[in-house]
Amino acid sequence: MKSQFTPRVLKIFQRRLLAWFGKHQRDLPWRASRDPYRIWVAEVMLQQTRIAAVRPYYQRFLRRFPRVDSLARAPQDEVLKLWSGLGYYSRARNLHRAAKEIVVHHGAKFPRDFEAALRLPGIGSYTAAAVLSIAYGVPLAVLDGNVARVLARLGAIRGDLRAPRRWQSLAVTAKQLLAAEAPGDWNQALMELGETVCLPQTPRCQACPVSGACRAYAQGAVDRIPSPRRKPATVQMKIAAAILLDPRGRTLLVQDPGAHDEVLFSRLWQFPALEVARAVRAELEKHLRATLQIEIPPLEPLAQSRHGVTFRNIQLLPFLARVPQLPRRPRTRIVPLSSLTRLPISSATRKLAQAALKTR
Ligand code: SF4
């Protein structure tokens, strides 16, 4: 990258990209304000989530929690409910915890200091750099997969970008390229370029404002950079779940910090469930006996469904169990099956509930 960007070329490059961003940036709700709280919420929601999916959640979330102190004061259940369907619930839990810390330790203002921001739950260097540069104009460069792809193409850097040494060298490049007088716009311009022009599969080089400085383009190597990442092999899993139903149409939910709860049920309210191998019904019965100490009625199989979480391909196997009375146990909750979706639940639990609702 060094020889490509002499100080004069770098200035031209920065000016061109910033001018393009000024003209072509999309109208996104989080760009309307420099409020660090609003930028932070957007950055957290956008982690591993598409912009189109985030928009309605973002607007609802900020209507309910317009300031960091309103978020800090809210009960966790309400925060999770507003997050319900967006996935990766640890983001919401961390956001909530961090809001409390900001109120207690930083006078309800997102800290300006990078190290202080990094100490907040759920905030890594990307999020800290994004919030501080956009909200406060702190000269920090962001680097995520999107920006890394753009930088790799500009410099024709081959190989796995996530390899630690390569990633570090991309971080150095990102710092060298940063337009220190407008770091927020610069970071957003690079992100915007990666999201709208320098696309992973089909980059639109003809529309690119910096194609003249792009080595991959000059070498005709755009489609080979970055090198494809080796994905982990898909793991097949079966999860059996029991939907206990009493004569009043109520069901039992548990909060069960066991295996796969974080992955599949996001530590939210869920049906009693476990990973099973072959003897599905027997394994589920044993689990119910052990955890709820109840006599197991006949388990009626319901429609199965598929659920994908990162590299896991999960077969959801719901069973309906009609019981005269639901057991009351610690960390359980009894709710009408038909109003389940009003609670903070994961999309896997939603699919299981729908299988049961169809039979009624
Ligand atoms: Fe990306 Fe093509 Fe622009 Fe290079 S010329 S930065 S590959 S869009």
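Note: the structure precedes this text.
Let me begin by describing the structure that accompanies this report. All chains use their own residue numbering, which begins from 1 and follows the written sequence. Only residues with pLDDT of at least 70 get local features here, since the model is predicted, and only at 80 or more are side-chain atom pairs given and counted; chain-wide, interface and lining totals rely on the full set of residues. For side-chain calculations, the full set of non-hydrogen atoms in the structure is used, while hydrogens and water are omitted.

1. Section: the overall build of the protein
Then, in step 1: Under the DSSP-based scheme used, a helix requires at least four consecutive residues in state H or I and a strand at least two consecutive residues in state E, with every element numbered from the N terminus. Tallying secondary structure elements over the protein gives 15 helices and seven strands in all.
Then, in step 2: Principal axes of the C-alpha set define a box for the protein whose edges measure 80 × 45 × 30 Å.
Then, in step 3: Out of the 360 residues belonging to the protein, those deemed buried represent 50%.
Then, in step 4: A sequence separation of at least 24 residues applies to 65% of the contacts in the protein between residues at least 6 apart.
Then, in step 5: Carbon together with sulfur atoms contributes 52% to the accessible area of the protein, which is approximately 18000 Å² in total.
Then, in step 6: Averaged over its 58 positive side-chain charges, the protein has a centre that lies 4 Å from the centre of its 25 negative ones. Exposure categories follow from relative accessible area, calculated using a 1.4 Å probe and restricted to protein chains: below 20% of the type maximum is buried, above 50% is exposed, and the middle band is partly exposed. Any two residues having at least one pair of non-hydrogen atoms within 4.5 Å are treated as being in contact. For accessible areas, the Shrake-Rupley method is used with a probe of radius 1.4 Å. Any residue's cover is judged against the shown protein chains and nothing else. The charge count treats Lys and Arg as positive and Asp and Glu as negative. His and the chain ends do not count. Charged side chains are reduced to one point each, which is NZ for Lys, CZ for Arg, CG for Asp and CD for Glu.

2. Quick notes on the packing of helix H8 (residues 125-136) against helix H11 (residues 183-196)
Then, in step 1: Look at H8 against H11: their axes get within 7 Å of each other, and the N-to-C directions meet at 125°. For the element pair H8 / H11, the angle class is oblique. As H8 runs across H11, the sense of the crossing is left-handed. In contact with Tyr126, Ala129, Ser133 and Ile134 of H8, H11 contributes Pro183, Gly184, Asn187, Gln188 and Met191.
Then, in step 2: In this count, Pro and Cys sit with the nonpolar residues alongside Ala, Val, Leu, Ile, Met, Phe, Trp and Tyr, while Asp, Glu, Lys and Arg are called charged and the others, Gly among them, polar. Considered class by class, the residues forming the contact of H8 with H11 number five nonpolar, four polar and no charged. Note on geometry: axes are lines fitted to C-alpha atoms, helical ones only across the stretch in contact, with angles between N-to-C directions running from 0 to 180 degrees. Should an angle fall under 35 degrees it is called roughly parallel, over 145 degrees roughly antiparallel, and 65 to 115 degrees roughly perpendicular, with every other angle called oblique. Should the near helix be turned counterclockwise from the far one by less than a right angle, the crossing is left-handed, whereas a clockwise turn marks it as right-handed.

3. Some points on the packing of helix H2 (residues 36-46) against helix H3 (residues 51-64)
Then, in step 1: Viewed as axis vectors pointing N to C, H2 and H3 meet at an angle of 140°, and their least axial separation amounts to 10 Å. Looking at the two axes, H2 sits oblique to H3. H3 is crossed by H2, and the crossing has right-handed handedness. On H3, the residues that touch Tyr37, Arg38, Val41, Ala42, Met45 and Leu46 of H2 are Ile51, Val54, Tyr57, Tyr58, Phe61 and Leu62.

4. Side note on empty space enclosed by the protein
Then, in step 1: Think of a 1 Å grid over just the protein atoms. A cavity is a set of points where a 1.4 Å probe fits yet cannot get out, a pocket is an open set with protein on both sides within 12 Å along at least five of seven lines, and lining residues have an atom within 4 Å of a point. Grid points are joined across faces, edges and corners, and a volume is the space filled by probe spheres set on the points. What the rule picks out here adds up to one cavity of 30 Å³ or more.
Then, in step 2: What the largest cavity holds in volume is close to 120 Å³.
Then, in step 3: Around the largest cavity sit 15 residues that line it, and Arg153, Cys198, Cys205, Cys208 and Cys214 are the ones nearest its centre.
Then, in step 4: Per-element tally for the lining of the largest cavity: the top contributor is helix H9 (residues 145-155), with three residues.
Then, in step 5: Here the residues of the lining of the largest cavity sort into 12 nonpolar, one polar and two charged.

5. A look at the pattern of salt bridges
Oppositely charged side chains can pair when the atoms bearing their charge come close.
Then, in step 1: Definition used for salt bridges: Asp or Glu carboxyl oxygen within 4 Å of a side-chain nitrogen of Lys or Arg. Scanning all chains against the criterion turns up 13 salt bridges.
Then, in step 2: The closest approach of N and O atoms between Asp223 and Arg224, which form a salt bridge, is 4.0 Å.
Then, in step 3: Residue classification places Asp223 among the exposed residues on the basis of a relative accessible area of 65%.

6. Remarks on the site of the ligand
Then, in step 1: In the vicinity of the ligand, the residues found are Arg153, Val197, Cys198, Cys205, Cys208, Ser211, Cys214, Tyr217 and Val222.
Then, in step 2: Each residue belonging to the shell around the ligand can be placed in one class, and the counts come to seven nonpolar, one polar and one charged. Only a single heavy atom is needed: when it lies within 4 Å of a molecule or strand, its residue is near that molecule or strand.

7. Comments concerning the environment of Glu195
Then, in step 1: Secondary-structure assignment places Glu195 in helix H11.
Then, in step 2: Looking at Glu195, the relative accessible area reads 34%, which means it is partly exposed.
Then, in step 3: Considering only alpha carbons, one finds Glu195 and Gln176, 19 residues apart in sequence, at a separation of 21 Å.
Then, in step 4: Discounting residues that sit within four places of it in the chain, Glu195 has contacts with Arg26, Ile51 and Asn146.

8. Brief notes about the packing of aromatic side chains
Then, in step 1: The pairing test for Phe, Tyr and Trp rings, Trp by its six-membered ring, is centres within 6.5 Å, and the orientation test on the planes gives stacked under 30 degrees, edge-to-face over 60, and tilted for anything in between. What the rule picks out here adds up to seven aromatic pairs.
Then, in step 2: Between Tyr37 and Trp40 the ring centres are 6.2 Å apart and the planes differ by 65°, which places this aromatic pair in the edge-to-face class. With Tyr37 and Trp40 both in helix H2 and three residues apart, this pair spans about one turn of that helix. Residues Tyr37 and Trp40 agree in their burial class; the two are buried.
Then, in step 3: With a centroid separation of 5.9 Å and 80° between ring planes, the pair formed by Phe61 and Trp83 is classed as edge-to-face.

9. Description of the nonpolar core
Then, in step 1: Core analysis: the biggest nonpolar cluster contains 84 residues, and Trp40, Phe61 and Phe110 have the highest contact counts within it.
Then, in step 2: When residues in this core are grouped by element, the largest group, nine residues, is from H8.
Then, in step 3: Sequence-distant contacts of Phe110, that is, excluding residues within four places in its chain, are made with Pro36, Trp40, Ile102, Ala117, Leu120, Ile123, Val131, Leu132 and Tyr136.
Then, in step 4: For the purposes of this section, nonpolar cores are sets of buried Ala, Val, Leu, Ile, Met, Phe, Trp, Tyr and Cys residues that join through side-chain atoms within 4.5 Å. In terms of nonpolar packing, the next biggest core, distinct from the first, is built from 26 residues, Leu245, Trp269, Val309 and Ala355 among them.

10. Brief notes about helix H1 (residues 7-24)
Then, in step 1: In this scheme, a helix's expected span is set at 1.5 Å multiplied by one less than its residue total. Over its 18 residues, H1 extends 26 Å from the first C-alpha to the last, a length consistent with the 26 Å expected when each residue adds 1.5 Å.
Then, in step 2: Listed as buried for H1 are Leu10, Phe13, Gln14, Leu17, Trp20 and Phe21. An end-on view of H1 places all buried positions within 135° of arc, on one side of the element. Residues of H1 that are exposed and point more than 90 degrees away from the buried face comprise Arg8, Arg15, Gly22 and Lys23.
Then, in step 3: Where H1 is buried, its residues meet H9, helix H10 (164-177) and H11. Working definition: the arc comes from the directions between the helix axis and the C-beta atoms, pointing outward to the latter.

11. A short note on the environment of Tyr57
Then, in step 1: Mapped onto the elements of the fold, Tyr57 is located in helix H3.
Then, in step 2: When its relative accessible area of 14% is taken as the criterion, Tyr57 is described as buried.
Then, in step 3: The sequence separation of Tyr57 and Gly22 amounts to 35 residues, and the corresponding C-alpha distance is 26 Å.
Then, in step 4: Ignoring anything within four residues of it in the chain, the contact list for Tyr57 reads Met45, Leu82, Trp83, Ser84, Gly85 and Leu86.

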